[in-house]
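# Fold and geometry: a report
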Amino acid sequence: MQFEKYHALGNDYLVLNATSYPAAPGPETIRLICHRNFGLGSDGILHGPMPSKRADFGLRIYNPDGGEAEKSGNGIRIFSRFLWDSGLMKHEAVSIDTLGGVVRSRALDDAAQFEVEMGKVTFLSSEIPVSGPAREVLHETIEIDGQEFRMFAASIGNPHCVIPVPEATPEMAKTIGPGIESHPMFPNRTNVQFLKIIDRENIRIEIWERGAGYTLASGSSSSAAAAVAHRMGSVDNAVTVHMPGGKLRIEIAAGYEIVMTGPVTRIGTMEIDPEALAQ
């Protein structure tokens, strides 16, 4: 089984060409392929291009735990670069159908960067989803291991819990993130961002990603965190999101429509041997 590997600010994905491999691997095989020691190592598998009735290309996104993700900003940029490298995408924007909605992606700087129309951020509990009565999930409290945190919940096609903090650290994401990911408030689990406001145009986040764990960068997390910071009144409409893996540019339009811009780097072609799959 052959893959193309790319990273977007250190968030790495394996692309499985659906033209050659129409069926996605099962959850156990995905976990093995993505394993950093026993497999090829990645933050997930992108399976496409697939037929779509509502977009130019269809895409399925699998987390390294074998579960399926609705949307991934970095994954969409990586898949866009794969389309470019395969001759399926030129300078014109293309539409990509994900479980979290249709997005539009456009190559910039000869595919060194991609601009993605990520869709609309919502804070409505029924759409994220968050348990309890119908409401916008703003300035609420969540308790983890006896500690209380102020939180905001949002969705941009996949769920996010944003925790504003004076200082965001990797240790915070790794120790508190898992408990929030699987908290009963989030019936589908959630991605988690620890958010520090730097100034009106810059924020910093540390990320615990649902199904993947501690992550160096995330496009959907950047989109959700920037939208929350804007809803808090702390930032303007154009925000640079700083992460351990690098920076993304997020533009917030009316109605919380998000445009994300950031780089993609090709790593190479990888093939997993049947011997590894037989473990």
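The rules behind each value
Residues numbered from 1 in each chain as written. Predicted model: local features only at pLDDT ≥ 70, side-chain atom pairs only at ≥ 80, totals over all residues. Heavy atoms only, no water. Pairing = 2+ DSSP bridges. Helix = DSSP H or I, 4+ residues; strand = E, 2+ residues; numbered from the N terminus. Phe/Tyr/Trp six-rings, centres within 6.5 Å; stacked < 30°, edge-to-face > 60°. Buried < 20%, exposed > 50% of the residue type's maximum accessible area, 1.4 Å probe, protein only. Lys NZ or Arg CZ within 6 Å of the ring centre and 35° of its normal. Salt bridge = Lys/Arg side-chain N within 4 Å of Asp/Glu carboxyl O. Contact = heavy atoms within 4.5 Å. Expected span 1.5 Å × (residues − 1). Arc of directions from axis to C-beta. Polar contact = N/O pair within 3.5 Å; in protein donor to acceptor, adjacent residues only side chain to side chain.

### Things to note about the pairing of strand S7 (residues 101-108)
One ladder, built from 5 bridges, connects strand S6 (residues 94-98) with S7; its direction is antiparallel. The residue bridging Asp 97 from the neighbouring strand is Val 102, located in S7. Between the end of S6 and the start of S7, which pair antiparallel, lie 2 residues. Sheet topology places S7 next to strand S8 (residues 113-120); 5 bridges connect them, and they run antiparallel. When the bridges of S8 are listed, Arg 106 appears paired with Glu 115. Hairpin geometry of S7 and S8 is characterised by an intervening segment of 4 residues between the two adjacent antiparallel strands and by a positive phi of about 55° at Asp 109.

### Overview of the packing of aromatic side chains
Under the criterion given, the structure shown has 2 aromatic pairs. Here the aromatic rings of Phe 79 and Phe 82 are separated by 6.2 Å at their centres, their planes lie at 25°, and the arrangement is stacked. You can see Phe 79 and its partner Phe 82 sitting in helix H2 (residues 73-85), 3 residues apart, about one turn around the helix. Since its relative accessible area comes to 4%, Phe 82 is described here as buried. Seen from their ring centres, Phe 123 and Tyr 256 are 5.4 Å apart, and the 90° between their planes marks the pair as edge-to-face. Of the two residues, Phe 123 sits in the loop between S8 and strand S9 (140-144) while Tyr 256 sits in the loop between strand S16 (246-252) and strand S17 (257-263), which places them 133 residues apart along the sequence. As far as the burial class goes, Phe 123 and Tyr 256 line up, both buried. Directly above the ring of Tyr 214 sits Lys 174, whose terminal nitrogen or CZ lies 4.7 Å from the centroid.

### Notes on the pattern of salt bridges
Tallied over the entire structure, the rule returns 16 salt bridges. With a closest N to O distance of 2.4 Å, Glu 68 and Arg 60 form a salt bridge. The partly exposed category is assigned to Glu 68, whose relative accessible area is 30%. Bridged by salt links that share partners, the residues Lys 5, Asp 12, Arg 36 and Asp 43 form one connected network.

### Some thoughts on the environment of Phe 149
Note that Phe 149 resides in strand S10 (residues 147-155). Considered as a pair, Phe 149 and Leu 216 are 67 residues apart in the sequence and their alpha carbons are 22 Å apart. For Phe 149, the residues in contact, after removing those within four places along its chain, are Glu 140, Thr 141, Ile 142, Ile 144, Ile 163 and Ile 176.

### Re helix H3 (residues 170-181)
The terminal C-alpha atoms of H3, which comprises 12 residues, lie 16 Å apart, in line with the 16 Å expected from a rise of 1.5 Å per residue. By the burial criterion, the buried members of H3 are Met 172, Ala 173, Ile 176, Gly 177, Ile 180 and Glu 181. End-on, the buried residues of H3 take up no more than an arc of 135°, which puts them together on one face. Exposed side chains of H3 directed beyond 90 degrees from the buried face belong to Glu 171 and Thr 175. Lining the buried residues of H3 we find S9, S10, strand S11 (159-164), strand S12 (191-199), strand S13 (202-209) and strand S14 (213-215).

### Quick notes on the environment of Met 89
The residue Met 89 is located in the loop between H2 and S6 in this model. Among the residues examined, Met 89 registers a relative accessible area of 2% and is labelled buried. Through-space distance from the C-alpha of Met 89 to that of Ser 105 is 9.6 Å; in sequence the pair is 16 residues apart. If sequence neighbours within four positions are ignored, Met 89 has contacts with Ser 80, Leu 83, Trp 84, Val 94, Ser 105, Arg 106, Ala 107 and Phe 114.

### What about the side chain of Ser 42?
Structurally, Ser 42 can be placed in the loop between helix H1 (27-34) and strand S3 (45-50). Separated by 2.9 Å, the side chain of Ser 42 and the backbone oxygen of Gly 44 make a polar contact. With sequence-adjacent residues up to four places away left out, Ser 42 is seen in contact with Asp 12, Tyr 13, Leu 14, Cys 34, Arg 36 and Pro 64.

### Observations concerning the side chain of His 160
When you line up the elements, His 160 lands in strand S11. Within polar-contact distance, the side chain of His 160 engages the side chain of Asn 158 at 2.9 Å. Excluding its chain neighbours within four sequence positions, the residues that come into contact with His 160 are Ile 128, Phe 152, Ala 153, Ala 154, Thr 190, Asn 191, Gln 193, Ser 220, Ser 221 and Ala 224.

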